[in-house]
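Here are the chains, one letter per residue:
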Amino acid sequence: MADGKTLRCLLITPEQQVLECDATMVALPVHDGEMGFLTNRAPLLCKLGVGELRVSSVDGDQRFFLDSGFAQMLNNELTILTEGAEAASDIDLAQVEKELQDASAMPAADPALRKAKDLAVARAKARKRVALSRR
């Protein structure tokens, strides 16, 4: 339970709870940039983007790739609901490079295909940034 100096952070995907910890700071991708969370933050509901989740706690820092969703801050508890989450340490950089090449090679002949290509490229680039952040 949060002790007044920390906030409770829960990271949940449709398949599992990925993380539950007391954090001193959390930064996550939102639909229009990045947002940081500290203790005693005002209640907030936000739409997530694709990118890196950074969690700092007394036990150390953790990084994850997030694939959209929502986050809610209420009473020093940050609940992150996401389509997908992957720890930086679990991301295979060679696989991400291939995904980025494949995404870049996707056709973009019409607006729907262009949107799909842009999203695939953005996901691959974000996963690559998160994988490189563990070094």
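Summarised in this report is the structure supplied together with it.

Cut-offs and rules
- In this numbering scheme, every chain counts its residues from 1 along its sequence in written order.
- Given that this is a predicted model, residues contribute local features only at a pLDDT of at least 70 and side-chain atom pairs are listed and counted only at 80 or more, while totals for whole chains, interfaces and linings are drawn from all residues.
- Water and hydrogen atoms play no part in the side-chain values, which are based on all heavy atoms of the structure.
- Helix and strand definitions follow DSSP, with helices as H or I runs of at least four residues and strands as E runs of at least two, each counted in order from the N terminus.
- As a reference, a globule follows 2.2 Å times the number of residues to the power 0.38, and the radius of gyration itself is taken over C-alpha atoms.
- Burial classes follow relative accessibility: with a 1.4 Å probe on protein chains only, a residue under 20% of its type's maximum area counts as buried, one over 50% as exposed, and anything between as partly exposed.
- Residues are treated as being in contact if the distance between any of their heavy atoms lies within 4.5 Å.
- Salt bridge criterion: a side-chain nitrogen from Lys or Arg within 4 Å of a carboxyl oxygen from Asp or Glu.
- The term disulfide is used for any two cysteine sulfur atoms that are within 2.5 Å.

Below, the discussion takes up the overall build of the protein chain. Looking only at helices and strands, the protein chain has two helices and eight strands in total. Counted from the first residue to the last, the protein chain has its helices and strands arranged as β-β-β-β-β-β-β-β-α-α. The globule rule puts the C-alpha radius of gyration for 135 residues at 14 Å, and the 16 Å found for the protein chain is close to it. For the protein chain, the spread of C-alpha atoms along the three principal axes comes to 50 × 30 × 25 Å. Expressed as a percentage of its 135 residues, the buried residues of the protein chain come to 39%. A separation threshold of at least 6 residues defines the contact pool for the protein chain, and within that pool the share at least 24 residues apart is 51%.

Counting through the fold element by element, T6 comes out in the segment before strand 1 (7-12). Between the C-alpha atom of T6 and that of M25, which follows or precedes it by 19 residues, the distance is 7.7 Å.

Attention now goes to the pattern of salt bridges. On inspection of all chains with the given rule, the structure shows ten salt bridges. E34 serves as the salt-bridge partner of R54, at 2.7 Å between the closest nitrogen and oxygen. Note that R54 is positioned in strand 5 (residues 44-57) and E34 in strand 4 (residues 33-37), a separation of 20 residues in sequence. The partly exposed category is assigned to E34, whose relative accessible area is 49%. Counted as one network, the salt bridges with shared partners bring together R8, E20 and D22.

We now examine the state of the cysteines. In the structure shown here, the tally under the stated rule is zero disulfides. No disulfide involves C9; its sulfur sits 5.0 Å from the nearest other cysteine sulfur, which is in C21. Take C21: its relative accessible area is 10%, and that puts it in the buried class.

Positive phi outside glycine occurs at N40, with the angle close to 60°. Here N40 lies in the loop between strand 4 and strand 5. We classify N40 as exposed; its relative accessible area is 61%. Positive phi is not limited to glycine here, since N75 has a value of about 55°. Of note, N75 is situated in the loop between strand 6 (60-74) and strand 7 (77-82). Under the relative-accessibility criterion, N75 is labelled exposed at 69%.

None of this, on its own, says anything about what the molecule does.
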